[in-house]
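# Commentary on secondary and tertiary structure
One letter stands for each residue in the lines below.
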Amino acid sequence: MKKKKYFSKKNVTQRRVTNFDSAPHAKKAEYAKVNGGVFLYNKPISVAELSKAINVPTSAIIKYLFLNGKAVTINQILDDEMIGTLCLEFGYDFKKEEPSVSAEHFEDLEIQDDPKDLKPRPAVVTVMGHVDHGKTTLIDAIRNSHVAEGEAGGISQAIGAYQKEVKGQKITFIDTPGHAAFTAMRARGASVTDIVVLVVAADDGVMPQTLEAISHAEAANCPIIVAINKMDAPGANARKVKEELLAHNVVSEEYGGDVIMVEISAKTGKGIDELLDAILLKAEMMELKANPARYASGTVLESNLDKGEGPKATLLIQNGTLNASDFVVVGEIYGKIRRMVNEHGETLKSAGPATPVAVTGLEAVPSAGDRFMAFPTEREARDIAEKRALEKRAKEKSGTSALSLSDLNNLVNAGKVQDVNVIVKADTDGSAEALKSSLEKLSDDKVKIKVLLSAAGAISDNDVSLADASHAIIYGFNVRPDARVRALAEEKGVEIHLHRIIYELLDEMKAAAKGLYKAEMVENVTGEAEVRHIYKISHVGTVAGSYVTSGVIHSGSKVRVLRAGVIAYEGKLASLKRFKDDVKEVRQGYECGLMVEGYNDVKEGDLIEGYEMVEKQ
């Protein structure tokens, strides 16, 4: 039987066949072995792994290193110097090779398909632009559906992906939300797209998020087609838009550039056909192709926990064909595709390149932006997912972890900045990610907002426990806690704030952040009393018989004793009486007897000035 060849980094064709020849996961890569007396390795290895490779007991390795001043354990990772020393000691030469890309790092594989296997594929188009410039309405017009009406607040709050057939050719559209909070989602959209349609309102012009969208498109090296929308609106001025874009190096064909600009009205449908023609023309010039004859790979556009179906993910297949019942690894999660549907909710048996699908069957909710790949067996998928999970945990442990309670305790005790800890739970992973980014951007030199956890799913007991331990506020976006979680939060004094519109949530946090500023404290004089008589009382002290000349003198207030305009003493009132009775305050025009705490040198003619410190508004 012919031995399967391991997937190499270059010049490999992966064919979708039963025995999975030439697949990147046909067998495991060796990373430490002995060949002709030379120990070859391509990654950091432990004492146990070196022991097995060079056939030397672990005890002998540990003893040798200990005698040379290095105490190690059986699972300790050895550095290159240690490996070299040990190899020479036990009779081996050694060589470190360049690491090969293994199956668990499938996103780094460079697959070169045989040109004969490549077939034309649909263009993936991302719609970008400023909030309320009509992106979702444009998608709505193209799909002849009503997406925009179902959005809370009229703003897209999750990535949607849709396919449309135009003149016999399919186009895949990704609708990225336009609110500033979703910058990260737009950036991810640009990274998986072929063409960016930049929507600019003709009556509003170039706005901050328009410039962000241009930056994302340029960073992803994606060509731009500008859709100048709302041409039916009063004050629409397409020329002004073109000139504003010109200032940002987006040059219309009309001005000698290479950017197609189409004047449209998503509301009336004007110019939509011309825009679709422009997309097909650009796609034809790009000669977009993929190999449908291999196992699928691509990117997670969106993910959420569905109450009825469990973990659910929207995948964009970028190469290969995904079949229902395929085993997939998504990020650090594996699963078997149980159900696969398109944007219309129709069940699919298979989906080819540039097709967006919603799938169920994953063991957990993946992160939006994660890469995925299909594998031939469940065991292989599970093994690779476990390795990826272990690798991720190792990286998190070696770095700083926002979820470490000891780290949080250290931050609270440091007291260098005013920390506001926040836990974000949302209906989708993309929303949670966007909220995390936006909340942390509200930080400044006085208030530091730290998002300890941002994830998709309902608010749980664990979230409340983390909030209690780290003195955090919980924000829920389109999710609600049940009665049991509410009771636990109330018991522990944890605040839960629920929102459906993202900018309302951010506005609330801005207001809270302002309340935490150490505002400038200013003095407010409440009243003045003139000392007219002095009474020396044994075992009590000096009582000043006084007359309130202005304002109010309050019991226990801060006071200054002024003598000829000079401060003789600062302290607080020990007592305030009217006749023989203690009172809380004495107003202008009334007499009183008062004593200054710790000061018995009050003289007739002194002024007693009462004051308080207040925050400057």
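Position labels on residues start from 1 in each chain and follow its written sequence. In keeping with the predicted nature of the model, local features appear solely for residues at pLDDT of at least 70, side-chain atom pairs appear and are counted solely at 80 or more, and the whole-chain, interface and lining totals rest on all residues. Here the side-chain values reflect all heavy atoms present in the structure, with hydrogen atoms and water set aside.

### Quick word on the pattern of salt bridges
Definition used for salt bridges: Asp or Glu carboxyl oxygen within 4 Å of a side-chain nitrogen of Lys or Arg. For the structure shown, the criterion picks out 18 salt bridges. For Arg382, the salt bridge identified is with Glu378, shortest N-O distance 3.2 Å. Taken together, the residues Arg382 and Glu378, both in helix α9 (residues 378-398) and four residues apart, mark about one turn of the helix. Of the residues examined, Arg382 reaches a relative accessible area of 29% and is grouped as partly exposed. The cut-offs for exposure are 20% and 50% of the maximum accessible area for each residue type, with area from a 1.4 Å probe on protein chains only; residues under the lower value are buried, those over the upper are exposed, and the others partly exposed. Residue class for Glu378 comes out partly exposed when judged on its relative accessible area of 35%. One salt bridge connects Asp582 with Lys577, and the closest N-O pair in it is separated by 2.9 Å. The exposure class assigned to Lys577 is partly exposed, which follows from its relative accessible area of 29%. If you follow the salt bridges from partner to partner, you end up with Arg239, Lys242, Glu254 and Glu263 in one network. Secondary structure elements are defined from DSSP: runs of H or I of at least 4 residues count as helices, runs of E of at least 2 residues count as strands, and each element is numbered from the N terminus.

### A short note on a nonpolar patch on the surface
Any residue with relative accessible area above 30% and no salt bridge may belong to a patch, with like charges joined within 9 Å and the nonpolar Val, Leu, Ile, Met, Phe, Trp and Tyr side chains within 5 Å. Areas reported as accessible are Shrake-Rupley estimates using a 1.4 Å probe. Residue values count occlusion only from the protein chains shown. Taken together, the side chains of Tyr535, Ile537 and Val540 make up a nonpolar region of the molecular surface, amounting to roughly 280 Å² of accessible area. In this structure, Tyr535 sits in strand β26 (residues 521-537). The exposure class of Tyr535 is partly exposed, given its relative accessible area of 44%.

### A word on the packing of aromatic side chains
Each Phe, Tyr or Trp ring, with Trp reduced to its six-membered ring, pairs with another whose centre is within 6.5 Å; inter-plane angles below 30 degrees give stacked pairs, above 60 give edge-to-face pairs, and intermediate values give tilted ones. A full pass over the atoms with the stated rule returns three aromatic pairs. Geometrically, the ring pair formed by Tyr64 and Phe90 is edge-to-face, given 6.3 Å between the ring centres and 65 degrees between the ring planes. Here the residue Tyr64 occupies a position in helix α2 (residues 58-67), and Phe90 occupies one in the loop between α3 (80-89) and β5 (93-96), the gap between them amounting to 26 residues. Only when the NZ atom of a Lys or the CZ atom of an Arg is both within 6 Å of the ring centre and within 35 degrees of the ring normal do we say a charge sits over the ring. A cation over an aromatic ring shows up here: Arg560 above the ring of Tyr611, its NZ or CZ 4.0 Å from the ring centre.

### Brief notes about the sheet that holds strand β18 (residues 333-341)
A pair of strands counts as paired when DSSP detects no fewer than two bridges linking them. With antiparallel pairing, six strands are arranged side by side around a closed barrel as β14-β15-β20-β18-β17-β21. Neighbouring strand axes in the sheet, compared pairwise and without regard to direction, differ in orientation by 45 degrees on average. With four bridges joining them, β18 and strand β20 (residues 355-362) adopt antiparallel strand pairing. Bridging from a neighbouring strand, Val341 pairs with Ala358 of β20. Only the stretch in contact is used when fitting a helix axis, every axis being a line fitted to C-alpha atoms; angles between N-to-C directions are given from 0 to 180 degrees.

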